[in-house]
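Summary of the model geometry
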Amino acid sequence: MTQPWRAGHLPGIDPDAVRWHSLQFDGQGQGLTVQVPMLDEAQMLALAQRVRLSAQTRLQAMTVSQIIALLDVATARWLDADDPVRREAERLLPLVSGFDAGMVRLGLGEYLQAFRARALQRFVAEDFPNPKVLDEFQPAVKGGAVRAWGPALLVHHWAGNVPALPMWSFVCGLLVKAGNIGKLPSADPVFATLMVRLLCEVHPPWADCMALVWWKGGDPAPARTLFSQAETVLAYGGNAALREVRDQVPITTRYIGYGHKLGLALIGREALDAQRGPALVRLIAVDVMRWEQQGCYSPHVIHVESGGALTPREVAQLLAAELANLALRHPPRRPELEEAAAIAAWRQAAEWQALSDPDAALLGDAAGGWSVSFVPRAGPLQPGPGYRCITVQAVASLEEVPALLRPHASFLQSAALATTPERLQRLAPALGEAGITRLAAPGRLAQPEAGWHHDGRFNLSELVRMVEIEQACEQAADRLAAYAQEGAA
């Protein structure tokens, strides 16, 4: 019998004194048992205190440049196909996530490049034009001086829909020099554990500055115990999960929530000539395939402008062919029962539409692991169930799309846009007003650039508090200096 794989990271806590809960996974037809730690109140309080104090003495003593250099070393190991941690990730992540091994390998390689040193330097500079403000007081433009302090203890409440996403918020926590405790997602407790183990190997003094715990969803006691010790709580998930976390966070604790969002694509007629059109559709098919549309940036609808050399219906047919090919190279993940029901309902609605409208069509069969619904005219945004189910909607003009999106502004995030530079500049303000916060190239929806503004917000500056020395305070101190008194005498 295969030995259980133990997740978590508990500095200062005896593992034999911890109650371990077993999570069962059978992704890719192979069984795996992962044990996750369940702490009692005293253990949770002791862990929080240890992480907070260690971060104050070890992380705060480092410069941001030193932290970035160590993160770059860790990322280089992640990107090394022969590194033991990378091999372990490629072995285990398909088992816990159900994603195809090739998709995991491809996705990790592309995603992790955003954590190399130059990318992280840009990331910090995006929020802090003078990054030294995270290390020491720096002159303020208005006069005086200012410094940024990260939270003494930052708690991460992660969702497990896409592998490797915990690294994003955890790196943010390290860059602002916070003590970090993550709540392992039940859907994937593996990646965060490997991430923390690697960081501790790269720089052993960090081992006491971070921790990974777990509790059952819906159990308020451990959540409230940990949240009561945090200065900031960062949460990811659906609206119901975010509401539950928010209700458990003390009113005096900063709470930052990132909910589920939708992505889409817009293709202008000028991109649909016989040469460039098929290549463009191939890129968008990859966006649809990536992580089975489980990411907040994944496309659900593709708006295709009429009047190009390729018609919107031909685009739908090309997309169907590309998804069929990708299903052979990267077999789709098997959906859970509830997800399968949502896919069936979506397909049924598309079938009814095709029966009632001879110009509409549903391409792909239920067993193929992908579906393309072609809608011949503009209409309201209809989110899909994921799992490579995509709607191709014909529009007379891309300029009419923002009005279709505006009622769904709170759920929008990324859009891939294929058009000319002139139309890009005209469409960008309208799409931004409609709720889109990121315009990306086709094929790049699942690969945000370093320094992107997640959901249109700042990543690092939202975590810190600014401490100011006002100019008048400096001037008052000058009057009490020995040199000032000597001059007066």
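Here is a short report on the structure shown in this document. Being a predicted model, the structure only gives us computed values, none of them experimental.

Some points on the nonpolar core
Formed by 115 residues in total, the largest nonpolar core has its most connected members in Trp78, Leu175, Met195 and Trp206. No other element matches helix H7 (residues 190-202), which puts 10 residues into this core. Once you skip the residues sitting within four places of it in the chain, Trp206 turns out to touch Leu59, Met62, Ile67, Leu70, Leu71, Leu174 and Leu199.

Regarding the packing of helix H6 (residues 166-175) against H7
Put simply, H6 and H7 touch, their axes get as near as 10 Å, and they point 35 degrees apart. Where H6 crosses over H7, the two elements pack in a sense that is right-handed. The segment H6 lies against H7, with Pro166, Met167, Phe170 and Leu174 engaging Phe191, Ala192, Met195, Val196 and Leu199. A breakdown of the residues in the contact of H6 with H7 according to their chemical character gives 9 nonpolar, no polar and no charged.

What to know about the sheet that holds strand S18 (residues 465-469)
Read from one edge to the other, the open sheet built from 3 strands follows the order S4-S5-S18, with strand pairing classed as antiparallel. A single partner strand is all that each edge strand has here, and the edge strands are strand S4 (138-139) and S18. As defined by bridge partners, strand S5 (residues 145-149) adjoins S18 across 5 bridges and the pair is classed as antiparallel. Looking at S18, one finds that Val146 is bridged to Glu468.

With respect to the pairing of strand S9 (residues 232-236)
Buried residues dominate S9, accounting for 5 of its 5 residues. Burial of S9 is two-sided: the residues Thr232, Leu234 and Tyr236 facing one way and the residues Val233 and Ala235 facing the other way are all buried. Across 4 bridges, strand S6 (residues 153-157) lies against S9 in parallel orientation. When the bridges of S9 are listed, His157 appears paired with Ala235. Relative to strand S10 (residues 254-258), S9 is paired through 5 bridges, and the arrangement is parallel. Paired with Val233 across the strands is Tyr255, a residue of S10. A crossover links S9 with its parallel partner S10, the connecting element being helix H9 (residues 239-248), and its sense is right-handed.

Concerning the packing of helix H1 (residues 41-59) against helix H8 (residues 220-227)
In helix packing, the relevant descriptors are the interaxial angle and the interaxial distance, both defined with respect to the helix axes. Viewed as axis vectors pointing N to C, H1 and H8 meet at an angle of 25 degrees, and their least axial separation amounts to 9 Å. With respect to H8, the element H1 is oriented roughly parallel. Read as a crossing pair, H1 and H8 show a hand that is right-handed. Contact residues: Glu41, Met44, Leu45 and Ala48 in H1; Pro222, Thr225 and Leu226 in H8. Each residue belonging to the contact of H1 with H8 can be placed in one class, and the counts come to 5 nonpolar, 1 polar and 1 charged.

Some remarks on the side chain of Thr232
With respect to the helices and strands, Thr232 occurs in strand S9. Taking relative accessible area as the criterion, Thr232 reaches 2% and is therefore assigned buried. Every residue in contact with Thr232, bar those within four places of it in the chain, is listed here: Pro151, Leu153, Leu154, Val155, Thr253, Arg254, Ile256 and Leu463.

Some details on unusual backbone geometry
Its identity as a non-glycine residue notwithstanding, Arg388 has a phi of 65 degrees, on the positive side. With respect to the helices and strands, Arg388 occurs in the loop between strand S14 (371-375) and strand S15 (389-395). In this structure Arg388 comes out as buried when scored by relative accessible area, which is 0%. One non-glycine residue, Asp455, lies in positive phi territory at about 55 degrees. If you trace the backbone, Asp455 turns up in the loop between strand S17 (438-440) and S18.

Rules used in this analysis
- Residues numbered from 1 in each chain as written.
- Predicted model: local features only at pLDDT ≥ 70, side-chain atom pairs only at ≥ 80, totals over all residues.
- Heavy atoms only, no water.
- Core = buried A, V, L, I, M, F, W, Y, C linked by side-chain atoms within 4.5 Å.
- Buried < 20%, exposed > 50% of the residue type's maximum accessible area, 1.4 Å probe, protein only.
- Helix = DSSP H or I, 4+ residues; strand = E, 2+ residues; numbered from the N terminus.
- Contact = heavy atoms within 4.5 Å.
- Axes fitted to C-alpha atoms, helices over the stretch in contact; angles between N-to-C directions.
- Left-handed = near helix turned anticlockwise from the far one by under 90°.
- Nonpolar A, V, L, I, M, F, W, Y, C, P; charged D, E, K, R; others polar.
- Pairing = 2+ DSSP bridges.
- Right-handed = clockwise from strand over helix to strand, strands pointing away.
- Parallel < 35°, antiparallel > 145°, perpendicular 65-115°, else oblique.

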